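# Structural features, examined
For reference, the chains in residue letters:
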Amino acid sequence: MGAAVLESFAADESRSIGRRYEETKAAYRGEYQRDRDRIIHSTAFRRLVYKTQVFVNHEGDLYRTRLTHSIEVAQIGRTVALALNLNEALIEAICLAHDFGHTPFGHAGQDALNECMRDFGGFEHNLQSLRVVDVLEERYAEFSGLNLMFETREGILKHCSKKNAAELGDVGKRFLNREQPGLEAQIANIVDAIAYNNHDVDDGFRAGLIGLEQLREQPLFGKQHDEVHERYPDLDDRRLIYEIIRRMINTVVTDLIDQTRANVKEFAPQSIDDVRRAGKPLASMSDEIYAQHVGLKRFLNKHLYRHEQKLAMTEKVQAILKDLFQIYMTDIDKMPLQFSSAVDKHDQTSGARVVADYIAGMTDRFAIAEHERIIG
Ligand code: MG
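A brief look at the structure comes next. Residue numbering note: each chain is counted from 1, following its sequence as written. Only residues with pLDDT of at least 70 get local features here, since the model is predicted, and only at 80 or more are side-chain atom pairs given and counted; chain-wide, interface and lining totals rely on the full set of residues. Where side-chain values are given, they derive from all heavy atoms of the structure, hydrogens and water being excluded.

## As for the overall build of the protein
- Helix and strand definitions here come from DSSP, where helices need a minimum of 4 consecutive H or I residues and strands a minimum of 2 consecutive E residues; each element is numbered from the N-terminal end. Secondary structure assignment for the protein yields 19 helices and zero strands.
- Whereas a compact globule of 376 residues would reach a radius of gyration of roughly 21 Å, the protein reaches 21 Å, a difference of no more than 12%.
- Viewed in the frame of its principal axes, the protein has a C-alpha envelope of about 65 × 50 × 35 Å.
- Going through the 376 residues of the protein one by one, you find that 53% of them count as buried.
- Partitioning the contacts of the protein with sequence separation of at least 6, the portion at a separation of at least 24 is 70%.
- All accessible-area figures derive from a Shrake-Rupley calculation using a 1.4 Å probe, and residue coverage is judged against the displayed protein chains alone. In the form shown here, the protein has an accessible surface area of approximately 18400 Å², with 49% of it arising from carbon and sulfur atoms.
- Where the 49 positive side-chain charges of the protein centre and where its 59 negative ones centre are 1 Å apart. We take the radius of gyration over the C-alpha atoms and set the globule estimate at 2.2 Å times the residue count to the 0.38 power. Three labels apply to residues, based on accessible area from a 1.4 Å probe with only protein chains included: buried if under 20% of the type maximum, exposed if over 50%, partly exposed otherwise in between. We call two residues contacting when some pair of their heavy atoms lies within 4.5 Å. Counted as positive: Lys and Arg. Counted as negative: Asp and Glu, with His and the chain ends omitted from the count. Throughout, a charge is located at the NZ atom of Lys, the CZ atom of Arg, the CG atom of Asp or the CD atom of Glu.

## Concerning the coordination of the magnesium ion
- Metal donors: N, O and S atoms at distances within 2.8 Å, or within 3.2 Å for Na, K and Ca, with water omitted from the atom set so that some sites may seem incomplete. Every protein donor of the magnesium ion is listed here as His69 (NE2), His98 (NE2), Asp99 (OD) and Asp192 (OD), and their distances to the metal cover 2.1 to 2.6 Å.
- By relative accessible area, His69 is classed as buried at 0%.
- Classification of His98 by relative accessible area gives buried; the value is 5%.

## A word on the pattern of salt bridges
- Take a side-chain nitrogen of Lys or Arg and a carboxyl oxygen of Asp or Glu: if they are within 4 Å of each other, that pair is a salt bridge. Evaluated as defined, the whole model comprises 36 salt bridges.
- Between Arg139 and Glu137 there is a salt bridge, with the nearest N and O atoms lying 3.8 Å from each other.
- Of the residues examined, Arg139 reaches a relative accessible area of 37% and is grouped as partly exposed.
- Salt bridges sharing partners connect three or more residues here, namely Arg19, Glu23, Lys25, Glu31, Arg34, Asp35 and Arg38.

## So, the packing of helix H12 (residues 219-231) against helix H13 (residues 237-267)
- Where helices are involved, their axes are fitted lines through C-alpha atoms of the stretch in contact, as for all axes, and angles between N-to-C directions lie from 0 to 180°. Relative to each other, H12 and H13 sit at 125 degrees, their axes nearing to 9 Å. Here H12 lies oblique to H13, going by the angle between them. Of the two possible hands of crossing, H12 and H13 adopt the one that is right-handed. Here Leu220, Phe221, Gln224, His225, Glu227, Val228 and Arg231 of H12 lie close against H13, whose contacting residues are Leu240, Ile241, Glu243, Ile244, Arg247, Met248, Thr251 and Val252. By definition in this entry, angles of less than 35 degrees are roughly parallel, angles greater than 145 are roughly antiparallel, angles of 65 to 115 are roughly perpendicular, and the rest are oblique. The sense of a crossing depends on the near helix, which, turned anticlockwise from the far helix by less than a right angle, makes the crossing left-handed and, turned clockwise, makes it right-handed.

## Looking at the environment of Ser70
- Relative to the helices and strands, Ser70 resides in helix H3 (residues 66-83).
- On a C-alpha basis, the gap between Ser70 and Ala342 in space is 30 Å, while along the polypeptide they are 272 residues apart.
- Residues contacting Ser70, with those up to four places away along its chain left out, are Leu48, Cys95, Leu96, His98 and Asp99.
- Identification of polar contacts relies on pairs of N or O atoms within 3.5 Å, with a donor-acceptor requirement for protein atoms, meaning one able to donate a hydrogen and the other able to accept it, and with residues adjacent in sequence counted only if both atoms are side-chain atoms. Within the local environment of Ser70, its side chain forms a polar contact with the backbone oxygen of Arg66, the two atoms lying 2.7 Å apart.

## Considering the nonpolar core
- Residues belong to one nonpolar core when they are buried, are Ala, Val, Leu, Ile, Met, Phe, Trp, Tyr or Cys, and are joined through side-chain atoms within 4.5 Å. Judged by nonpolar contacts, the single largest core of 79 residues is most densely connected at Phe100, Val191 and Ile194.
- When residues no more than four places from it in sequence are discounted, the contact partners of Phe100 are Ile39, Ser42, Ala44, Phe45, Leu48, Ser129, Val132 and Val133.
- In this structure, Phe123, Ala352, Ala356 and Ala367 belong to the second largest nonpolar core, which totals 30 residues.

## Re the environment of Leu86
- Along the chain, Leu86 turns up in the loop between H3 and helix H4 (88-97).
- The exposure class assigned to Leu86 is buried, which follows from its relative accessible area of 3%.
- Dropping the residues within four chain positions of it, Leu86 is found in contact with Leu6, Phe9, Ala10, Ala81, Leu183, Glu184 and Ile187.

## Observations concerning the packing of helix H10 (residues 183-206) against helix H15 (residues 287-305)
- One can describe the packing of H10 onto H15 by two numbers: an axis separation of 10 Å at closest approach and a directional angle of 45 degrees. The orientation of H10 relative to H15 falls into the category oblique. Considering how the two elements wind past one another, H10 and H15 form a crossing that is left-handed. Of H15, the residues touching H10 (which contributes Ala193, Ile194, Tyr196, Asn197, Asp200, Val201 and Gly204) are His293, Leu296, Lys297, Leu300, Leu304 and Tyr305.
- Residues are grouped as follows: Ala, Val, Leu, Ile, Met, Phe, Trp, Tyr, Cys and Pro are nonpolar; Asp, Glu, Lys and Arg are charged; all remaining types, including Gly, are polar. Each residue belonging to the contact of H10 with H15 can be placed in one class, and the counts come to eight nonpolar, three polar and two charged.

## A few points about the side chain of Gln186
- Relative to the elements of secondary structure, Gln186 occurs in helix H10.
- By relative accessible area, which is 6% here, Gln186 ends up buried.
- In this structure the side chain of Gln186 is engaged in a polar contact, spanning 2.9 Å, whose partner is the backbone nitrogen of Leu282.
- Among all residues touching Gln186, those that are not within four sequence positions of it are Gln180, Pro181, Val275, Pro281, Leu282 and Ala283.

## So, helix H19 (residues 364-375)
- Any helix carries an expected span of 1.5 Å times its number of residues minus one. In a regular helix each residue adds 1.5 Å, so 12 residues correspond to 16 Å; H19 covers 16 Å between its end C-alpha atoms and thus fits that length.
- If you follow the buried residues of H19, they end up packed against helix H16 (308-330) and helix H18 (348-361).
- Taken from the residues just after H19, Gly376 is the one with a positive phi, measuring 80 degrees.

Laid out in structure tokens, this is it:
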């Protein structure tokens, strides 16, 4: 299959406002390809391998980590991009970086750090993802951060409060003007949810926290289950689950592509700015499949993410992060020089932000080891 011509409303580097620091063009790569490559070579990307998605790293070797989750998101995103003649490299870049700002220990960690930061502006993983690529990565001689293209940064910043948006310049404007991001960003956002819904069914089932009978009550799962079971009545549970999951992903992704295509046809955007000003997202599932997708999401929220076994782990890991935060706030020299030297000792808020940056960047196992080393 040759490279298709991109839609006029796909992201186009020649019409982008580009990078914050001007750079000479690469000889053999487009600008979004270059962003994707920068993301893959970053420190933050390598850290994802030891960060929790749902299950803490040491709970088992087969569970998703943030790294494998991000690769699955990118994989689905690329399929959708190609089907809709959108910018594949841009979607891939956004998907691979979308979780850079996550703390160790997943959402439990983010909640703990947000609580610690309550008096200092809070902590939000989306905003932190942007902060990682804009400021915290230190790889280039001429600037801090990865100096990514506007559309990549726009996609990474999925949500943002108006207060924070006002301080972000160009990339924050759409939250103030109630505009949408480009289609690549919209799709990256949706396929993130498709990926975790499906792989969490797999991980939750493997962990024994959710069962087949419960899952069958979910229409998205139930329909595929009945079809697979009828055709292959002797399948063992593991293979049954995998076969159901691949069919669920296919159902939802196909629906997303078809519905988005229909939306685009109806609205007829000519440029990415038309997409941004469409008044609502043009990437979407049909109402029926979206309701099923959300149903499964709610089910996982209730039965997996808040399973008592997970809640016990939540308390444990939150205590670790809160201890670390207190320790560094009391004695900033307990952090590496790279961080402690950035603290303005007369400004507690800026100090807290540096501590949050340091803690958010930790992997699960580093946070545990550091806690053990300092507290014993
Ligand atoms: Mg994600």
